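Each chain is listed here by its residues.
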Amino acid sequence: MTTPAIIQSPITPGFIDLGLGDPAFSLLPLDLLRESVDRCFARDDNSFLQYGAEQGNGLFREALADFLTRGYGLPVGLESLFITHGASGALDLTCTLFTRPGDTIFVEEPSYFLALRIFHDHGLRIIPIPTDENGLIVEAVDEKLLAGQPKFIYTIPTFQNPSGRTLSDERRARLVDLARERSFIIVADEVYHFLDYTRKPPPPFAASSSDGNVIAVNSFSKILAPGLRLGWIQSDVETVRRFVTCGLLDSGGGLNPFASAVVRETLEKGAVEKNIEKLRSVYLSRIQRLETALRKNIPTAQFHTPDGGFFFWVRLPGMDTSALQKKAEAFKVGFRPGIRFSSVNGLQEFIRLSFVHFDSDEIEDGIARLGNCLEAL
């Protein structure tokens, strides 16, 4: 009898899929969340089992605002926060409320391939904007605006998926000014903001969210556990009100009140910060092993060692990485080919490698297998 599916991306035993961006089971904080659930259930209050307030549990938003104020070093008010079912849910709801099929949006090239799936589901016309070592090239946005107005521009500004690059302070400021001048929205996916290892990122786009042209998206998936399906949007009061008054919430109430109540306990104990520190330490050591293994086993690889986030973005000159992916299966190693991160079927020479699911020894083994695959071509 076949075991029913439980997780989204099961791994075949013996196969090292370095494309997988899911955290390792060993890093999912079961004991921490068990303690939070126990504290939550010990309270003489079962209101979190009821339909929730549309904007999100107010006590949870207070705890989240305090966490963000500490993390950003900037004041965050609970009125600017709207609770979502993860970052993906936030992107989908943003498309529902702010776009119609056929509308134009701008995205980075490369960009997060599953976000591109969401945008395609909504029938949006996607225009790519080039990036470089400092992230999105804002001058290119200015040029594209001559040809048409986007409903929004989607950016992953900090430790980008897949490139690992971070948008510079100067470009962030110019992009905010441009959005204000030309009346489009910046949808900033900031889920990696707290996962810095060797360099602090610039202030988040969330710091500019009161201007009315920024919807900053974030999530507990990368810093606590993806199965919580809990995230948030930070924006100006009028934009938050548009989310709060939509039909989805009128019917079902606030999103994920149960997980909100549990994570509130985790936030109030300062346990999220402790978990982030643990992740930083583990991921930094894995980055170092992956970098060393790449230089040893694939000397032709061209890459930037990331300062944070989840990914290495590696160029293999002259290589069709979609074809390489198929050949690599025989060596029991996987990655994500660059074409998946392109909205125009480009980036064929690139691969995305992740260091979050497998331990350091497995990462080293996986890169050796990939090197053997390349030598066999």
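If you're wondering where the values come from, they're calculated on a predicted model, not measured in any experiment.

Caption draft 1: Spatial organisation of the pattern of salt bridges. With the rule as written, the count across this model stands at 22 salt bridges. With a closest N to O distance of 2.8 Å, D211 and R180 form a salt bridge. Here D211 is found in the loop between β7 (185-189) and β8 (214-219), whereas its partner R180 is found in helix α6 (residues 169-182), with 31 residues between them in sequence. Relative accessible area serves as the criterion here: at 42%, R180 is assigned to the partly exposed category.

Caption draft 2: Region of the structure containing a nonpolar patch on the surface. On the surface, a nonpolar cluster with roughly 360 Å² of combined accessible area is contributed by I6, I7 and F25. Looking at where F25 falls in the secondary structure, it is placed in the loop between β1 (16-17) and α1 (30-42).

Caption draft 3: Here's a closer look at the sheet that holds strand β9 (residues 231-234). Strands sit in the order β2-β9-β8-β7-β6-β3-β4-β5 across an open sheet of eight strands; the sheet is mixed. Both outer strands of the open sheet, β2 (81-84) and β5 (135-136), are each paired with one neighbouring strand and no more. With four bridges joining them, β2 and β9 adopt antiparallel strand pairing. Paired with T84 across the strands is G231, a residue of β9. Of the strands in this sheet, β3 (104-109), β4 (125-132), β5 and β6 (152-155) touch helix α5 (residues 138-145), which is tilted by about 150° from β4.

Caption draft 4: Representation of the packing of helix α3 (residues 86-98) against helix α4 (residues 113-121) within the structure. Remark: α3 packs on α4, axes separated minimally by 10 Å, with the N-to-C direction vectors making an angle of 30°. As the angle between them shows, α3 and α4 are arranged roughly parallel. In the packing of α3 onto α4, the handedness of the crossing is right-handed. From α3, S88, L91, D92 and C95 reach across to α4, where they touch A115, I118 and F119.

Caption draft 5: Geometry of empty space enclosed by the protein. Per the counting criterion, the structure on display carries one cavity of 30 Å³ or more. One number sums up the size of the largest cavity: a volume of about 40 Å³. Around the largest cavity sit P23, L27, L28, S221, K222, L224, N275, L279 and Y283, which together line it. Grouping the constituent residues of the lining of the largest cavity by class yields six nonpolar, two polar and one charged.

Caption draft 6: Representation of the side chain of D236. Along the polypeptide, D236 turns up in the loop between β9 and α7 (237-244). Buried within the structure, D236 lacks any salt-bridge partner; R241 is the closest side chain of opposite charge, at an N-O distance of 7.6 Å.

Caption draft 7: Main features of the sheet that holds strand β11 (residues 311-315). Within the open sheet, the four strands sit side by side as β10-β11-β14-β13. Their pairing is antiparallel. Every other strand in the sheet has two partners, leaving β10 (302-303) and β13 (336-337) as the edge strands with one partner each. Bridge count for β11 against strand β14 (residues 350-354) is five bridges, and the pairing is antiparallel. Looking at the pairing, F312 lines up with L353 of β14.

Caption draft 8: Fine view of the packing of aromatic side chains. Enumeration over the complete set of coordinates arrives at 24 aromatic pairs. Ring geometry for F310 against F311: centres 5.9 Å apart, planes inclined by 70°, an arrangement best described as edge-to-face. Pair check on accessibility: F310 and F311 agree, each one buried. Clustering of aromatic rings is evident, with ring pairs tying together Y192, Y197, Y283, F303, F310, F311, F312 and F355.

Caption draft 9: Highlighting the side chain of R61. Position of R61 relative to the elements: it lies in helix α2 (residues 58-72). The contacts of R61, once residues within four sequence positions are left out, are Q55, G56, L78, E79, L81 and I83.

Caption draft 10: Representation of the layout of surface pockets. A volume near 1,100 Å³ is recorded for the largest pocket. Lining of the largest pocket is provided by 41 residues; of these, Q8, G21, D22, Y112 and P226 occupy positions nearest its centre. Elements with a minimum of two residues in the lining of the largest pocket: α3 and α4. Broken down by element, the lining of the largest pocket gets its largest block of residues, four residues, from α4. Residues belonging to the lining of the largest pocket are distributed by class as follows: 23 nonpolar, ten polar and eight charged.

Rules used in this analysis
Residues numbered from 1 in each chain as written. Predicted model: local features only at pLDDT ≥ 70, side-chain atom pairs only at ≥ 80, totals over all residues. Heavy atoms only, no water. Salt bridge = Lys/Arg side-chain N within 4 Å of Asp/Glu carboxyl O. Helix = DSSP H or I, 4+ residues; strand = E, 2+ residues; numbered from the N terminus. Buried < 20%, exposed > 50% of the residue type's maximum accessible area, 1.4 Å probe, protein only. Patch = residues over 30% accessible without salt bridge, like charges linked within 9 Å, V, L, I, M, F, W, Y side chains within 5 Å. Areas by Shrake-Rupley, 256 points an atom, 1.4 Å probe, with all protein chains shown as cover. Pairing = 2+ DSSP bridges. Contact = heavy atoms within 4.5 Å. Axes fitted to C-alpha atoms, helices over the stretch in contact; angles between N-to-C directions. Parallel < 35°, antiparallel > 145°, perpendicular 65-115°, else oblique. Left-handed = near helix turned anticlockwise from the far one by under 90°. 1 Å grid on protein atoms, 1.4 Å probe; cavity = no way out; pocket = protein on both sides within 12 Å on 5 of 7 lines; lining within 4 Å. Points joined across faces, edges and corners; volume = space filled by probe spheres on them. Nonpolar A, V, L, I, M, F, W, Y, C, P; charged D, E, K, R; others polar. Lys, Arg positive; Asp, Glu negative; His and termini not counted. Phe/Tyr/Trp six-rings, centres within 6.5 Å; stacked < 30°, edge-to-face > 60°.

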